[in-house]
Amino acid sequence: QVQLVESGGGLVHAGGSLRLSCAASGRTVNRYVMAWFRQAPGKEREFVAGISRSGLNTYYKDSVKGRFAISRDGAKNTVYLQMNSLKPEETAVYYCAADLGAAVPSRGTLEYDYWGQGTQVTVSS
């Protein structure tokens, strides 16, 4: 069993930055694929960023490349999403997810075994 708890969301002006955290308990994040998704009102949940099981590779939605960065800290059993130059259209609930069976992150939601409760990110124009 894995419990994931996100934090760090909030209200920020366009162009601003936030760092989201996903604290895991039950298992160590270093052994699994971890990813961040987001879901805006009325839209499907979409992949934002992921990190491979080895930690050597990261993957991003095209529109966030160069602005967002996913990382993990094994000692703290926490995964982070640094978000810079935020845009109003990126307002959404951001979710952390864990895939216990994969080596690389899937961009689909069905493959993930555990999800956090989400943290709201609101970007004002």
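Residues numbered from 1 in each chain as written. Predicted model: local features only at pLDDT ≥ 70, side-chain atom pairs only at ≥ 80, totals over all residues. Heavy atoms only, no water.

Q: Tell me about the side chain of Arg72, and please be specific about residues and values.
A: Secondary-structure assignment places Arg72 in strand β7 (residues 68-73). Buried and unpaired, Arg72 has no salt bridge, with Asp73 as the nearest side chain of opposite charge at 9.2 Å. Among the polar contacts made by the side chain of Arg72, one reaches the main-chain carbonyl oxygen of Asn30 at a distance of 3.3 Å. A polar side-chain atom of Arg72 sits 3.1 Å from the main-chain carbonyl oxygen of Tyr32. Look past the residues within four positions of Arg72 in its chain and what remains in contact with it is Val29, Asn30, Tyr32, Ile51, Ser52, Arg53, Ser54, Gly55, Thr78 and Val79. (Helix = DSSP H or I, 4+ residues; strand = E, 2+ residues; numbered from the N terminus. Buried < 20%, exposed > 50% of the residue type's maximum accessible area, 1.4 Å probe, protein only. Lys, Arg positive; Asp, Glu negative; His and termini not counted. Salt bridge = Lys/Arg side-chain N within 4 Å of Asp/Glu carboxyl O. Polar contact = N/O pair within 3.5 Å; in protein donor to acceptor, adjacent residues only side chain to side chain. Contact = heavy atoms within 4.5 Å.)

Q: Can you explain the state of the cysteines? Please cite residues and give values.
A: Applying the stated criterion to the full structure yields one disulfide. Residue Cys22 pairs covalently with Cys96 via a disulfide, S to S 2.1 Å. Taking the torsion about the sulfur-sulfur bond, which here is approximately -75°, the covalent link between Cys22 and Cys96 counts as left-handed. With a gap of 74 residues between them, Cys22 in strand β3 (residues 18-25) and Cys96 in strand β9 (residues 92-99) connect regions that are remote in the sequence. Each member of the pair Cys22 and Cys96 is classed as buried. (Disulfide = S-S within 2.5 Å.)

Q: Before we move on, could you go through the side chain of Arg67 and cite the residues and values that matter?
A: Assignment of secondary structure puts Arg67 in the loop between β6 (58-60) and β7. Given the relative accessible area of 13%, Arg67 is considered buried. Polar contacts involving the side chain of Arg67 include one to the main-chain carbonyl oxygen of Ser63, which spans 2.9 Å.

Q: Please provide a residue-by-residue account of the sheet that holds strand β8 (residues 78-83), values included.
A: The four strands lie next to each other as β1-β3-β8-β7, forming an open sheet whose pairing is antiparallel. A strand with exactly one partner marks an edge of an open sheet, and here the two such strands are β1 (3-7) and β7. Taken over all neighbouring pairs, the strand axes of this sheet differ in orientation by 15° on average, direction set aside. Note: β1 against β3, five bridges, orientation antiparallel. Bridge pairing in β3 links Glu6 to Cys22. (Pairing = 2+ DSSP bridges. Axes fitted to C-alpha atoms, helices over the stretch in contact; angles between N-to-C directions.)

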